[in-house]
Amino acid sequence: SDVYKRQTLLFGWDLPMQKNKNNYKKIRIITAAYHMPRSLLLIKRVMPELKLTPFAVFTERVILDKWWLWPGTLSLLMEEYLKYILAHLQPITKG
């Protein structure tokens, strides 16, 4: 949804400022399991000194058992994989 995308964008923009303001050394990343690899990659690229503790959430709407049989899950995972590959190609910026 647009609200979710906006919240994600605001979090990504605000995280480096909050880290510097509060002198964070480590944070827990809570997100959907299928989204975790890209989240960790993007955060580590911007703040490599930060210790990240992943906490994956599994939703009933994403069917991982025989995912290839479920068109919604298949398209979601393919989209996330493409975003993960594209994240590797993005230039690195420091927050």
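The text that follows walks through the structure, step by step, so that each part is easy to find. (Residues numbered from 1 in each chain as written. Predicted model: local features only at pLDDT ≥ 70, side-chain atom pairs only at ≥ 80, totals over all residues. Heavy atoms only, no water.)

Within the element layout of this structure, alanine 33 appears in the loop between β1 (26-32) and α2 (36-46). Residue classification places alanine 33 among the partly exposed positions, given a relative accessible area of 23%. Measuring from C-alpha to C-alpha, the distance between alanine 33 and alanine 56 comes to 4.6 Å, with 23 residues separating the pair along the chain. Residues in contact with alanine 33, not counting those within four places in the same chain, are Ala56, Val57 and Phe58. (Helix = DSSP H or I, 4+ residues; strand = E, 2+ residues; numbered from the N terminus. Buried < 20%, exposed > 50% of the residue type's maximum accessible area, 1.4 Å probe, protein only. Contact = heavy atoms within 4.5 Å.)

Taken together, the side chains of Lys26, Arg28, Lys44 and Lys51 define a basic patch exposed on the protein surface. Checked against the element boundaries, arginine 28 lands in strand β1. (Patch = residues over 30% accessible without salt bridge, like charges linked within 9 Å, V, L, I, M, F, W, Y side chains within 5 Å. Areas by Shrake-Rupley, 256 points an atom, 1.4 Å probe, with all protein chains shown as cover. Salt bridge = Lys/Arg side-chain N within 4 Å of Asp/Glu carboxyl O. Lys, Arg positive; Asp, Glu negative; His and termini not counted. Charge placed at Lys NZ, Arg CZ, Asp CG, Glu CD.)

This part covers helix α3 (residues 71-89). In this model α3 runs 27 Å from its N-terminal to its C-terminal C-alpha over 19 residues, within 8% of the 27 Å that 1.5 Å per residue would give. Residues of α3 that are buried: Thr73, Leu77, Glu80 and Ala87. The arc that holds every buried residue of α3, seen down its axis, measures 80°, which confines them to one face. Among the exposed residues of α3, those oriented more than 90 degrees off its buried face are Pro71 and Leu89. For α3, the secondary structure elements touched by its buried residues are α2. (Expected span 1.5 Å × (residues − 1). Arc of directions from axis to C-beta.)

Everything listed here is a matter of coordinates, which is why it stays silent on function.
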